[in-house]
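Here are the chains, one letter per residue:
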Amino acid sequence: MTLRDILNKLIGRQQSSANTAKERLQLVLAHDRSDLSPELLDQMRREILNVVAKYVEIDMDEGAVSLETEDRMTALVANLPIKRTLKTPITE
Amino acid sequence: MAPNTRIILICSGKGGVGKTTLTANLGIALAQQGVKTAVLDADFGLRNLDLLLGLENRIVYTAQEVLEETCRLDQALVKHKRESNLALLPAGNPRMLDWLKPDDMQRIVSMLAEKFDYVLIDCPAGVEDGFKNAASAAQEAIVITTPEISAVRDADRVIGLLNTKSIKPIQLVLNRVRPKMIASQEMLSVNDVTDILALPLLGLVLEDEQVIVSTNRGEPLTLTGSKSPAARCYGNVARRLQGEDIPLIDPSKEGQSLRDKFRRLMATKIF
């Protein structure tokens, strides 16, 4: 956050385009580098949520699984807000 | 192959970001430093290196005739008229693309390596066969990009492909940097780009209208001893390649007017 960003926020203007460019690039590169199709990523996301849901009750709407990239390393990042822990895990 | 020859691929992925201009200016600057340098136009489809060097009227034979063994290498090499340490090996007919293989590139580059200290390969745009052929003959690479999302994304693809080969080091040149736009945060900064691409920065080149003037004339900026910003930057890149420790230009120190200072204040990181 820079002085300009704060000023832009105060007067309700868009953030500077360089920041927008950086965020868009990081997102698109995470996908380019992992070479995962959106469908596969979505399928993986749903399966991960289902596994986690066996142990804890999670907020399915808030849960996000995304790709992030730093130093040419791509990471799968899951952010799953836990509502409560299940007393007895659901097992098959 | 001469053991100390450096064979450097100059590539970008995206077209029009400055590969050929860098190759021409770097070739001249290295030759001026007294090292024998060959520039190879590996862009057989859309060749332009001859034009930027002002050598388009001197071409008799090309890489094609050398590969077909209808002429010797030194017959095809076009020596630069004012910088005798520099020679161009022109690209052949675009139809070469139909049969050219990585082996052919390697053959031609190793012939050049016997005679020169540096071989700079001007790579075609794209990541297809032209790029793969050119890359197959290189030992190290310079990836050139501009601070625009499409160019950076394409550079990232190229870096990914280079990483799968044994090409080392891979260094970055950031071209067409506009300090004022970076200061007002309307252009990706040098750090933004190096963070994203995770490559060591060999140099940055400031946006400069003189580049267009020099290409009009077929006289690279480094040839004419120009004091223009881009000329200084290209010279620095050549000297760093030679191992000299030249500090990077700080784009934020380029403008000195009150307005530039205000822009920099506005770009101060608060948190």
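Data block above holds the structure.
Notes on the structure in this doc start here. What you see is a predicted model; the values in this text were computed from it and never measured. (Residues numbered from 1 in each chain as written. Chains lettered and ligands numbered in written order. Predicted model: local features only at pLDDT ≥ 70, side-chain atom pairs only at ≥ 80, totals over all residues. Heavy atoms only, no water.)

### Quick look at the overall build of chain A
Reasoning step 1: Each helix and strand in chain A was counted, giving 3 helices and 4 strands.
Reasoning step 2: N-terminal to C-terminal, the α/β element order of chain A is α-α-α-β-β-β-β.
Reasoning step 3: For the C-alpha atoms alone, the extent of chain A along its principal axes is close to 55 × 35 × 20 Å.
Reasoning step 4: The buried share of chain A, reckoned over its 92 residues, is 23%.
Reasoning step 5: Within chain A, contacts between residues at least 6 apart in sequence are counted, and of these 49% link residues at least 24 apart.
Reasoning step 6: Entry remark: accessible area of chain A is about 6,500 Å², with carbon and sulfur atoms responsible for 53%.
Reasoning step 7: Across chain A, the mean location of the 13 positive side-chain charges is 5 Å away from that of the 15 negative side-chain charges. (Helix = DSSP H or I, 4+ residues; strand = E, 2+ residues; numbered from the N terminus. Buried < 20%, exposed > 50% of the residue type's maximum accessible area, 1.4 Å probe, protein only. Contact = heavy atoms within 4.5 Å. Areas by Shrake-Rupley, 256 points an atom, 1.4 Å probe, with all protein chains shown as cover. Lys, Arg positive; Asp, Glu negative; His and termini not counted. Charge placed at Lys NZ, Arg CZ, Asp CG, Glu CD.)

### Re the interface of chain B and chain A
Many structure descriptions define interface size as the accessible area lost when the parts assemble.
Reasoning step 1: On the chain A side, the residues contacting the 25 residues of chain B number 22 residues.
Reasoning step 2: Of the roughly 2,200 Å² buried between chain B and chain A, counting both surfaces, carbon and sulfur atoms make up 59%.
Reasoning step 3: Seen at the junction of chain B and chain A, the total is 3 salt bridges.
Reasoning step 4: Residue Asp32(A) is joined to Arg153(B) by a salt bridge in which the shortest nitrogen-to-oxygen separation is 2.7 Å.
Reasoning step 5: Viewed at the interface, chain A and chain B are joined by 7 residue pairs in polar contact (both at pLDDT 80 or more).
Reasoning step 6: Elements with a contribution of two residues or more to the side of chain B that touches chain A: helix H7 (149–163), helix H9 (190–197) and helix H12 (258–266) of chain B.
Reasoning step 7: Of the residues forming the side of chain B that touches chain A, the biggest block, 7 residues, is contributed by H7(B).
Reasoning step 8: Its residues assigned to classes, the side of chain B that touches chain A shows 13 nonpolar, 5 polar and 7 charged. (Buried area = accessible area lost by both parts, 1.4 Å probe. Salt bridge = Lys/Arg side-chain N within 4 Å of Asp/Glu carboxyl O. Polar contact = N/O pair within 3.5 Å; in protein donor to acceptor, adjacent residues only side chain to side chain. Nonpolar A, V, L, I, M, F, W, Y, C, P; charged D, E, K, R; others polar.)

### Regarding helix H1 (residues 19–32) of chain B
All names here are of chain B.
Reasoning step 1: Between its terminal C-alpha atoms H1 stretches 20 Å, which fits the 20 Å expected from 14 residues at 1.5 Å a residue.
Reasoning step 2: In terms of burial, H1 is largely enclosed, as 13 of its 14 residues are buried.
Reasoning step 3: Downstream of H1 by a residue or two, Gly34 has a phi angle that is positive, lying close to 90°. (Expected span 1.5 Å × (residues − 1).)

### Some details on the sheet that holds strand E1 (residues 6–11) of chain B
Residue and element names in this part refer to chain B.
Reasoning step 1: Strand order in the open sheet formed by 8 strands is E3-E4-E2-E5-E1-E6-E7-E8, and the pairing between neighbours is mixed. A single partner strand is all that each edge strand has here, and the edge strands are strand E3 (78–79) and strand E8 (201–206).
Reasoning step 2: Inspection of the sheet shows strand E2 (residues 37–41) paired to strand E5 (residues 118–122) by 5 bridges, in the parallel sense. Looking at the pairing, Leu40 lines up with Ile121 of E5.
Reasoning step 3: Sitting on the sheet, H7 is in contact with E1, strand E6 (140–145) and strand E7 (170–177), with an inclination near 170° to E6.
Reasoning step 4: H9 contacts E6, E7 and E8 of the sheet and is inclined by roughly 150° relative to E7. (Pairing = 2+ DSSP bridges. Axes fitted to C-alpha atoms, helices over the stretch in contact; angles between N-to-C directions.)

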